[in-house]
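Here are the chains, one letter per residue:
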Amino acid sequence: MSRALAIVVSLVLLLPPSASAQETAADAATLARRAADRLARGDADGAIDDYSSILQSQPGDAAALAGRAMAYQKRRGLDEALLDLDAAIKADPNQVDALRSKAAIELARNQPDAAIQDAEAVIHLSPADSVAYEIRARARLAKGDRQGALDDLAEAVRHDGRHVDAYQLRAGLYFDMGKFDQAAADVGNALAIDANASWGYALRARIDLATHAPDHAVGEVTRAIHLDPHDAGLFVLRAQANLEAGLLGQAIDDGAQALRLDPRNASAHLYRAQAYTRRSERSEAFAEYNAAIGADPKLTQAYVGRADLHAHFPGQTDAAIDDYTHALQLDSGLYAVYANRGYLYLGKQNGQGAVADLTKALELAPATWSRRGEAQRLLDEAKVLAQKSQSK
């Protein structure tokens, strides 16, 4: 190389970035802002186009890869999203957005261990990341660690007092645990942030039903329906509330509305059947129980209800026994059903069957069971009948 050429090369190396490079960086920043805006507005395809344009000029841009992955997630392209997320994390192992998004996808794909690992990586890098705590809570819950989930949700709301999803999940957990005051408190926190969260009013209604306040439950679920009139489950919930409040016609109507929205909603048929039963409209009740079982052959309560109806009609004892048997195959802890079937066996002079069922009922039932005395009396009768049968 000549001395003159060497001088030129040296001068070129000392020059600041070219105007072209500066323009590329500026264009990338503009595209990134537009992509983020498009993603926020729900335009996933537009965001993907913008992020792809950035990556054409800057292939290893971790932020663009993470952004495009989020857009793919919005479009349900989880495979493409994971490819981008892995590339983003490889380019920048501290890319928090990519790690968080990957954890969310792993959770959705029922990979709780992987989700926990990536969520913990986010928490290590960003200890106040409330979404990472929520993801880890859901993953822990998937593994059966309810206390671990509650601990994580406490951290999520501690770091972000407006984290509605965390309040919702924790409220549901508290409800399932029978901690209704704590559940109600979390619902109140969530509704204070988002007064249009229909799930909050629905959960309040479920709490009311669990605490024997069906009239108040009707009001709460009605508020939820006003916010989300196309949710069949809300009409089913109000049907249950109306049924427990003794408003049988309203329960039947709500069940019908649920079925218009979801024609194979077994619970809607069930509550209509129970309401018709209480109105002594037995043919309608049978039709609804049959429809409930057709929609969900594992709906235990439908077999029990239909069996109870059969038991009230002469000549239908065997049908009642068959339905009680189906119910017990689905749930072997139904002590009242054992007692009912035992009573029917006794009426059929089947002493051994009656003894077995009534004994089982007394073993399973709590000490406070109101029918304990009656079941014991029937068991004594059944033992006498069984002894007589054996002596013949």
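1. What to know about the nonpolar core
Point 1. In this structure, Trp199, Leu203, Tyr289, Ala302, Leu358 and Trp369 are the most contacted members of the largest nonpolar core, which totals 113 residues.
Point 2. With sequence-adjacent residues up to four places away left out, Ala302 is seen in contact with Leu270, Tyr289, Ala292 and Ile293.

2. Observations concerning empty space enclosed by the protein
Point 1. On inspection of all chains with the given rule, the structure shows 1 cavity of 30 Å³ or more.
Point 2. In this structure, the largest cavity spans a volume of roughly 30 Å³.
Point 3. Lining the largest cavity we find Ala339, Leu358, Arg371, Glu374, Ala375 and Leu378.
Point 4. Considering every element that reaches the lining of the largest cavity, the biggest residue donor is helix α22 (residues 372-391), with 3 residues.
Point 5. Of the residues contributing to the lining of the largest cavity, the split by class is 4 nonpolar, no polar and 2 charged.

3. Description of the confidence of the model for the chain
Point 1. Looking at the chain as a whole, its pLDDT mean stands at 90, while 93% of the residues score no less than 70.
Point 2. Below pLDDT 50 for its whole length, residues 1-23 participates in 3 contacts with residues either more than four positions away or in separate chains.

4. Some details on the packing of aromatic side chains
Point 1. For the structure on display, the rule yields 3 aromatic pairs.
Point 2. Judged by centre distance (5.3 Å) and plane angle (75 degrees), the ring pair of Tyr335 and Trp369 falls under edge-to-face. A residue pair is termed long-range when its members are at least 10 positions apart, and Tyr335 in helix α20 (residues 335-347) and Trp369 in the loop between α21 (351-364) and α22 qualify at 34 residues.
Point 3. Classification of Tyr335 as partly exposed rests on a relative accessible area of 25%.

5. Structural notes on α20
Point 1. End to end, α20 covers 19 Å across 13 residues, agreeing with the expected 18 Å (1.5 Å per residue, within 8%).
Point 2. Of all the positions in α20, only Val337, Tyr338, Ala339, Asn340, Arg341, Gly342, Leu344, Tyr345 and Leu346 are classed as buried.
Point 3. Against the buried residues of α20 lie α18 (300-311), α19 (317-330), α21 and α22.
Point 4. Positioned one or two residues after α20, Gln349 has a phi angle of 65 degrees, which is positive.

Analysis parameters
- Residues numbered from 1 in each chain as written.
- Predicted model: local features only at pLDDT ≥ 70, side-chain atom pairs only at ≥ 80, totals over all residues.
- Heavy atoms only, no water.
- Core = buried A, V, L, I, M, F, W, Y, C linked by side-chain atoms within 4.5 Å.
- Buried < 20%, exposed > 50% of the residue type's maximum accessible area, 1.4 Å probe, protein only.
- Contact = heavy atoms within 4.5 Å.
- 1 Å grid on protein atoms, 1.4 Å probe; cavity = no way out; pocket = protein on both sides within 12 Å on 5 of 7 lines; lining within 4 Å.
- Points joined across faces, edges and corners; volume = space filled by probe spheres on them.
- Helix = DSSP H or I, 4+ residues; strand = E, 2+ residues; numbered from the N terminus.
- Nonpolar A, V, L, I, M, F, W, Y, C, P; charged D, E, K, R; others polar.
- pLDDT = per-residue confidence, 0-100.
- Phe/Tyr/Trp six-rings, centres within 6.5 Å; stacked < 30°, edge-to-face > 60°.
- Expected span 1.5 Å × (residues − 1).

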